[in-house]
Amino acid sequence: PDVTPTGLQEIADRFVQARRQGRALPGFPGQIPPDLETAYRVQDLAIAQWPDQVVGWKVGYIAADRRDASGDERLLGPVFAKALWPAAPGLPFPVYVGGFAAVEAEYVLRLEADAPADQLDWSPDKDNAFPATLHTGVEIASSPLATINQLGPRVVVSDFGNHNGLILGTEIPNWHAIPEERLTCRTLIDGVEAGSGGATFLPGGLRAAF
């Protein structure tokens, strides 16, 4: 059955309340949206309540076996102004105790112009021509719902894309001239490598995410 507009609002309300109060949720607060389009309706309702301005978007990959009928390969979540921090030694960042928490090394495309509102068709060539700078970054992926990733993309989208902050690092100069396979990174914790990856780790690389 379809989720009613009242049900969508209640899901958004519960996620926003949990985030503002810094507390975990024991389970998904309602009926899981039947598709991504409905999940984005929940996200829009939650964004409208959040006391901050959207300044960017987290782009996440959807595995082939977890896509819905839309066929979308990526999902989005808002980056808010108060949760965008310049990188600094010892910078603290918040996560939800009892919920989900992860740190993820990121490449951040900072768009230097507004995309034309009427241009809905994009390609790697068009992306390449768009003015943007590339930065290193760290995403704080955190949600009041511990099972958010297990429950899948519709749940991730419903709660701000499982996003809770972005640490913006240094700019990578002349990035267009660097082969994407050379854009790699490692995560170290107390000097021990905890993970590694790169721009080509996901299909399509940076430009598909763009």
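For the structure itself, consult the block above.
As the structure is a computational prediction, the values presented were derived from the model and not from experiment.

Rules used in this analysis
- Residues numbered from 1 in each chain as written.
- Predicted model: local features only at pLDDT ≥ 70, side-chain atom pairs only at ≥ 80, totals over all residues.
- Heavy atoms only, no water.
- Helix = DSSP H or I, 4+ residues; strand = E, 2+ residues; numbered from the N terminus.
- Buried < 20%, exposed > 50% of the residue type's maximum accessible area, 1.4 Å probe, protein only.
- Contact = heavy atoms within 4.5 Å.
- Axes fitted to C-alpha atoms, helices over the stretch in contact; angles between N-to-C directions.
- Parallel < 35°, antiparallel > 145°, perpendicular 65-115°, else oblique.
- Left-handed = near helix turned anticlockwise from the far one by under 90°.
- Nonpolar A, V, L, I, M, F, W, Y, C, P; charged D, E, K, R; others polar.
- Expected span 1.5 Å × (residues − 1).
- Salt bridge = Lys/Arg side-chain N within 4 Å of Asp/Glu carboxyl O.
- Phe/Tyr/Trp six-rings, centres within 6.5 Å; stacked < 30°, edge-to-face > 60°.

Asks: Could you clarify how one ought to interpret the environment of Arg-14 in this entry?
Replies: Along the chain, Arg-14 falls in helix α1 (residues 5–21). Residue Arg-14 is classed as partly exposed on the basis of its relative accessible area of 35%. When the C-alpha positions of Arg-14 and Phe-28 are compared, they lie 9.2 Å apart, and in sequence the two are 14 residues distant. If we skip the residues at most four places from it in the chain, Arg-14 touches Leu-25 and Pro-29.

Asks: Hey, could you run me through the packing of α1 against helix α2 (residues 36–49) in this one?
Replies: Think of two packed helices as two axes; the pair is described by the angle between the axes and how far apart they sit. Packing of α1 against α2 leaves a shortest axis separation of 9 Å and a crossing angle of 50°. Between α1 and α2, the angle falls in the class oblique. Between α1 and α2 lies a crossing of right-handed hand. In this structure, α1 contributes Pro-5, Leu-8, Gln-9, Ile-11, Ala-12, Asp-13, Val-16 and Arg-20 to the contact, and α2 contributes Thr-38, Arg-41, Val-42, Leu-45, Ala-46 and Gln-49. Partitioning the contact of α1 with α2 into residue classes produces 8 nonpolar, 3 polar and 3 charged.

Asks: In this structure, what is going on with α2? I would like to understand it.
Replies: Each turn of an α-helix holds 3.6 residues, which means side chains three or four residues apart point in the same direction. Look at α2: 20 Å from first C-alpha to last across 14 residues, which is about the 20 Å you get at 1.5 Å a residue. When α2 is considered as a whole, its buried residues turn out to be Leu-36, Thr-38, Ala-39, Val-42, Gln-43, Ala-46 and Ile-47. Lining the buried residues of α2 we find α1, β1 (54–61), β2 (74–80) and α5 (153–158).

Asks: It is not clear to me how the pattern of salt bridges should be interpreted in this structure. Could you clarify?
Replies: If the charged atoms of two oppositely charged side chains come close together, the side chains can form a pair. Enumeration over the complete set of coordinates arrives at 6 salt bridges. The closest approach of N and O atoms between Asp-159 and Arg-19, which form a salt bridge, is 2.7 Å. Separated by 140 residues along the polypeptide, Asp-159 in the loop between α5 and β6 (166–171) and Arg-19 in helix α1 bring together distant segments of the chain. Residue Asp-159 is classed as buried on the basis of its relative accessible area, which comes to 1%. The class of Arg-19 is buried, set by a relative accessible area of 6%. The closest approach of N and O atoms between Glu-180 and Arg-207, which form a salt bridge, is 2.6 Å. Remark: Arg-207 occurs in helix α6 (residues 205–209) and Glu-180 occurs in the loop between β6 and β7 (184–189); sequence separation between them is 27 residues. When its relative accessible area of 14% is taken as the criterion, Glu-180 is described as buried. Residue Arg-207 is classed as buried on the basis of its relative accessible area, which comes to 18%.

Asks: Any chance you could explain the packing of aromatic side chains here in plain terms?
Replies: Ring pairs (aromatic) are described by centroid distance and by the angle formed between their planes. Within this structure, the stated rule accounts for 7 aromatic pairs. Considering the side-chain rings of Phe-15 and Phe-28, the 5.7 Å spacing of their centres and the 65° angle between planes classify their relative orientation as edge-to-face. Here Phe-28 lies in the loop between α1 and α2 and Phe-15 lies in helix α1, a separation of 13 residues in the sequence. Its relative accessible area of 14% is what places Phe-28 among the buried residues.

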